[in-house]
Every structure is written in C-alpha cells, then in structure tokens.
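Next come the chains, spelled out residue by residue.
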Amino acid sequence: MPALLGVIGLGLYGAGLLRAQPVIQDNFDSYATVSDMTAAGWRLSALNPALVTTTFPTFEQGRALRLRANPVPNAAPAVGMWYRTNVYTDFFVAIDLVDWPGTDKNQAMVLFGHLTDAATGTVPENINPAAAQGVICNYDASQYGENPTDRRQGQFQINVVNAGFATRTLAIAEVTFQPGRSYRITFSGRAGRYVAKAYDH
C-alpha cells in the first residue's frame with residue numbers, strides 16, 4: 001500500500017479501481033525524484049509550487065513519499081497534491097501514514113475521489129488545486145485552530161469539495177492521531193455511497 005511519511009500541509013492523492021480494470025498500487029520504492037514519479041504516471045500540482053516539496057525518504061526496507069506544503073502565514077497559502085488522471089466510477093484508495101508527526105498546525109491530509117476540474121469536468125494533466133472538485137476524506141490535525149487558546153482536537157471527515165476549496169461536510173469523527181504512531185486511511189465510493197476508515201497500526 002502507499003506510504004506517506006510526515007505529511008505537512010494538504011496532500012491530495014487520487015487513484016481507484018473499477019471492476020475488470022487494473023488496480024493502481026504503488027509503494028513509492030522505485031522513486032528517488034519527482035521526475036521518477038511523474039514518469040510512472042503521477043501528476044504533481046501545487047497552488048504555489050515554490051512552497052511545496054516532495055522527497056522520498058528511506059523507510060524500513062524501502063522508500064516513503066513525503067509531501068510538504070509550507071505556507072507563509074497571513075501571506076501565501078500552500079497546497080500540494082499528487083494525483084493520477086485515470087477515471088473510475090467506483091473507487092477504493094488507501095494510504096499509510098508512517099510516523100505521524102503530531103503537528104499542532106491547522107493542516108490536513110486528504111484522499112481525493114472523483115477528482116475533476118470544476119470548469120471542464122475532466123482530469124487534466126495540470127489541474128489547479130483551487131479548481132478541483134470531487135469528494136474527499138480528510139484528517140485535519142488541529143480542526144479548531146492552532147493558537148494557544150484554541151481547543152486542540154483532530155477530525156476525520158468526508159466532504160464534498162468544490163472550486164475555491166468550498167466544502168460541504170457529509171460525516172465527522174472526532175479523532176486525534178498520536179505522534180510517532182502509524183495509521184492507515186482508506187476511502188471508497190460506490191454507487192454514491194462513501195466510506196472512510198482510519199486504522200491504528
């Protein structure tokens with residue numbers, strides 16, 4: 001299964017499966033550079049590319065994918081996503097969060113299903129994250145804010161997202177991932193029914 005190490009910022013991952021079609025499965029072990037990953041069919045998009053980095057750190061006997069979005073507070077938001085252009089009606093995606101950093105920043109890790117461009121309804125090679133629409137499963141590390149007086153609590157959600165990052169929440173679970181632990185998140189969609197699950201390894 002895909003592995004993600006220390007997600008900082010908003011990482012969007014899209015893939016899926018439809019019966020009788022091949023399954024896309026990737027553990028990132030064969031990648032050392034962004035060029036390696038794009039050559040394998042993945043597409044990288046960022047709201048501000050200068051604020052987003054992708055690295056492939058060693059993890060156990062292989063490699064993990066680390067996507068970092070580094071916003072400039074009160075000046076420049078940062079969003080980065082890796083996705084594929086394959087189109088499926090039904091889908092199942094899964095990702096492993098390895099060694100969760102336990103960030104107290106108000107940031108999110110996201111799995112994206114039915115990703116399309118809001119203007120065209122297609123999945124272009126270079127979709128702007130701010131123009132993306134679809135349904136997402138997301139874990140927000142500090143849902144209620146990151147200031148000293150804010151309540152510290154994570155949330156696991158399913159949302160419909162539209163252009164401009166406008167969302168409509170379908171489901172919420174109050175969950176806080178613990179620093180140093182590893183988690184698996186799965187997200188599926190079939191016949192308009194969406195299911196998101198989080199597992200503690």
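Everything below is about the structure printed above this text.
For the structure given in this document, a descriptive report is provided here. (Residues numbered from 1 in each chain as written. Predicted model: local features only at pLDDT ≥ 70, side-chain atom pairs only at ≥ 80, totals over all residues. Heavy atoms only, no water.)

Details of the nonpolar core
Working step 1: L97, W100, L111, Y139, F177, I185 and F187 are the most contacted members of the largest nonpolar core, which has 17 residues in total.
Working step 2: Elements that contribute at least two residues to this core include exactly β9 (91-98), β10 (108-117), β11 (132-140), β12 (155-162) and β14 (183-190).
Working step 3: Sorting elements by how many residues they give to this core places β9 first, with four residues.
Working step 4: Once residues lying within four places of it in the same chain are set aside, the contact partners of I185 are V93, A94, I95, L97, M109, L111, C137, Y139, F156, F177, K197 and A198.
Working step 5: If you look at the next biggest cluster of nonpolar residues, it comprises 13 residues, including L51, F56, L65 and A76. (Core = buried A, V, L, I, M, F, W, Y, C linked by side-chain atoms within 4.5 Å. Buried < 20%, exposed > 50% of the residue type's maximum accessible area, 1.4 Å probe, protein only. Helix = DSSP H or I, 4+ residues; strand = E, 2+ residues; numbered from the N terminus. Contact = heavy atoms within 4.5 Å.)

Comments concerning the packing of aromatic side chains
Working step 1: This model, assessed by the stated rule, comprises eight aromatic pairs.
Working step 2: Arranged with centres 6.2 Å apart and planes meeting at 55°, the rings of F28 and Y31 form a pair that is tilted.
Working step 3: For the pair F91 and Y194, a centre-to-centre distance of 6.2 Å together with 35° between the ring planes defines the contact as tilted. Here F91, found in strand β9, pairs with Y194, found in strand β15 (residues 193-200); they are 103 residues apart in sequence, far enough to count as distant.
Working step 4: The class for F91 is buried, based on a relative accessible area of 6%. (Phe/Tyr/Trp six-rings, centres within 6.5 Å; stacked < 30°, edge-to-face > 60°.)

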